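# Fold and contact review
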Amino acid sequence: MPSKTITAFFPLRNEKVAVENVNMLRKIKAVQKINLFSTSSSNREFSNCTVIQVSSSLSSEFINYLVQFTKDDFLLLELKGALIDLNELDLDSQLKVAESSGAGIIYSDFYELSNGNRTPYPLIDFQLGSIRDDFDFGSLILLSKKALVASIDEASNYKYAGIYNLMLFISRKFPIVRTPEYLYSSTITDTRKYGVKQFDYVDPQNRDVQIEMEKAATLHLKNIEAYLEPIPGTVDLITENFENEASVIIPVKDRSKTIIEAVESALMQNTNFAFNIIVIDNHSTDGTTERLSELVKTENNLVHIIPNRKDLCIGGCWNEGITHSKCGRFAIQLDSDDLYINDTALQKIVSKFYEEKCAMIIGSYKLTDYNMREIPPGIIDHKEWTDKNGHNNALRVNGLGAPRAFYTPIIRKIKFPNVSYGEDYTVALAISREYKIGRIYEPIYLCRRWEGNTDADLSIERQNENNYYKDSIRTKEIIARQELNKLRGRTENN
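A brief structural summary.

Cut-offs used in this document
Residues numbered from 1 in each chain as written. Predicted model: local features only at pLDDT ≥ 70, side-chain atom pairs only at ≥ 80, totals over all residues. Heavy atoms only, no water. Buried < 20%, exposed > 50% of the residue type's maximum accessible area, 1.4 Å probe, protein only. Helix = DSSP H or I, 4+ residues; strand = E, 2+ residues; numbered from the N terminus. Pairing = 2+ DSSP bridges. Expected span 1.5 Å × (residues − 1). Arc of directions from axis to C-beta. Contact = heavy atoms within 4.5 Å. 1 Å grid on protein atoms, 1.4 Å probe; cavity = no way out; pocket = protein on both sides within 12 Å on 5 of 7 lines; lining within 4 Å. Points joined across faces, edges and corners; volume = space filled by probe spheres on them. Nonpolar A, V, L, I, M, F, W, Y, C, P; charged D, E, K, R; others polar. Axes fitted to C-alpha atoms, helices over the stretch in contact; angles between N-to-C directions. Parallel < 35°, antiparallel > 145°, perpendicular 65-115°, else oblique.

## With respect to the pairing of strand β17 (residues 404-407)
- The alternating pattern of β17 places Arg 404 and Phe 406 and Ala 405 and Tyr 407 on opposite faces, both of which are buried.
- Relative to β17, strand β13 (residues 330-333) is paired through three bridges, and the arrangement is antiparallel. Each residue of the ladder has a partner; that of Ile 332, found in β17, is Ala 405.
- Relative to β17, strand β15 (residues 360-368) runs antiparallel, the two sharing three bridges. For Met 360, the partnering residue across the bridge sits in β17 and is Phe 406.

Rendered as structure tokens:
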């Protein structure tokens with residue numbers, strides 16, 4: 001018998017897949033026990049296997065079953081219902097990593113199986129900021145029995161967030177280690193494009209799930225001393241004089257098909273204050289520059305900027321806009337392929353600033369196709385945000401919503417990172433650390449999804465790059481909040 005042994009837990013959803021997975025596991029000496037779990041009753045019998053009926057494989061109840069049925073040093077967990085191809089040598093490699101590192105969770109890169117082909121599917125390392133509930137551990141996770149048993153003392157009665165809560169607990173007490181080797185093959189069970197999957201967390205049908213995920217994430221932040229109490233106080237919005245009350249900021253590069261419609265939707269705004277539109281044209285080559293140059297001749301409140309620098313990303317373009325001498329008191333976002341939903345959008349945003357005296361406003365939007373026909377999931381309103389806990393829950397989710405608007409003196413101090421992904425999330429987290437953020441839960445603009453969107457469909461490598469960057473943002477923000485709490489604690493004690 002191997003020095004370290006494993007209990008396997010695999011789902012019983014598709015009987016053919018389950019049979020193949022069981023046959024594969026029986027060839028591996030370290031696997032001493034195989035358990036199949038199902039959310040529905042099954043009369044199918046599997047020799048030398050235990051079939052466990054559970055209400056949900058994401059629940060706290062399921063965690064209790066894992067503890068109850070694991071008699072070995074480690075458990076091998078598969079949650080996605082995928083067909084797995086794993087050999088003994090590669091699993092032994094994972095066991096050695098687990099023993100040498102003392103890790104609570106070990107996972108690895110893998111190959112995607114599709115139509116007989118194997119395609120590399122790399123994953124990313126787990127960080128302090130990897131607290132989102134959709135972190136991808138792949139199809140197979142090796143869990144330490146020691147870590148699993150320790151988690152029971154802090155387990156809650158979760159219906160949906162049991163596994164997520166377990167991962168967070170283990171991250172606090174044990175290393176989580178990725179082996180950057182392709183150690184198994186797996187079919188992919190969710191074949192939707194990235195541009196569709198990214199809206200799952202704001203789908204109203206998932207609201208009960210999100211409430212539980214927020215509860216688990218908030219508990220985790222309290223345990224690592226990164227939780228912040230509700231933001232008190234208000235922002236003085238009239239400390240500086242501005243020529244314009246608001247500026248619509250539009251970074252653009254090569255959007256000749258959509259830029260004029262976007263600008264015109266801003267020009268049509270009906271307000272009781274002066275505003276302008278600042279377009280930062282990032283050296284377009286498709287005719288965008290020429291179209292804007294013609295329009296600016298007839299529109300006095302349109303500012304067309306072509307930066308001197310040629311190394312700017314979206315965040316860098318935003319900095320050009322907010323630091324421009326003609327930028328108004330409030331800097332309000334509009335993407336170059338989107339449209340304000342009507343002529344009252346700017347007025348609603350600015351009025352909200354004065355109503356709540358906050359540093360940032362985030363609105364809502366409606367998803368449409370290129371021809372502005374609504375597409376699922378429709379209105380994206382981020383109702384998971386609450387004044388009491390939104391600034392904490394923001395560390396769990398991948399975005400805070402749009403359109404975004406900023407009180408210019410504060411955003412000028414913070415500034416945007418010069419990147420084209422996550423720049424808005426970075427500054428929103430920084431603002432939420434110390435300032436109040438106001439919300440508008442009705443659609444302010446139309447967000448057009450089309451092949452020209454930068455996130456319409458991304459390769460796994462690009463998804464990894466984006467996710468790793470946002471996790472690093474969260475890591476820095478968690479550390480900043482921990483330091484802020486220490487500072488506040490020292491102040492209170494003096």
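## Side note on helix α3 (residues 88-101)
- Here α3 spans 20 Å end to end across 14 residues, near enough to the 20 Å set by a 1.5 Å rise per residue.
- Among the residues of α3, those classed as buried are Leu 91, Gln 94, Leu 95 and Ala 98. Projected down its long axis, α3 shows its buried positions confined to an angular sector of 100 degrees, all on one face. α3 presents Leu 89, Lys 96 and Ser 100 as exposed residues on the side facing more than 90 degrees away from its buried surface.
- The secondary structure elements touched by the buried residues of α3 are β1 (6-11), β2 (31-38), β4 (74-78), β6 (105-114), β8 (140-144) and β9 (176-187).

## Examining empty space enclosed by the protein
- Applying the stated criterion to the full structure yields four cavities of 30 Å³ or more.
- Its volume calculated, the largest cavity comes out at about 80 Å³.
- Taken together, 13 residues line the largest cavity, and the ones lying closest to its centre are Leu 76, Leu 91, Gln 94, Leu 140 and Tyr 184.
- Listed by contribution, the elements that provide at least two residues to the lining of the largest cavity are α3, β6, β8 and β9.
- For the lining of the largest cavity, the class distribution of residues is ten nonpolar, two polar and one charged.

## Concerning the pairing of strand β7 (residues 117-121)
- Where β6 meets β7, five bridges bridge the pair, whose relative direction is antiparallel. Following the sheet pairing, Phe 110 is matched in β7 by Tyr 121.
- As consecutive antiparallel partners, β6 and β7 are separated by two residues, and within that stretch Asn 115 has a phi angle of approximately 55 degrees, a positive value.

## Some details on the packing of helix α5 (residues 162-173) against helix α7 (residues 207-223)
- At a minimum axis distance of 9 Å, the contact between α5 and α7 shows a crossing angle of 10 degrees. Considering their axes alone, α5 and α7 lie roughly parallel with respect to each other. Along the contact surface, α5 presents Tyr 164, Asn 165, Leu 168, Ser 171 and Arg 172, while α7 presents Met 213, Ala 216, Ala 217, Leu 219, His 220 and Asn 223.
- Looking at the contact of α5 with α7 residue by residue, the classes come out as six nonpolar, four polar and one charged.

## Things to note about helix α2 (residues 60-69)
- Within α2, burial applies to Ser 60, Phe 62, Ile 63 and Leu 66. For α2, the angular spread of buried residues about the axis comes to 155 degrees, placing them on one side.
- Those residues of α2 hidden inside the fold are in contact with β1, β2, β4, α4 (145-151) and α5.

All we've got here are geometric facts, nothing functional implied.
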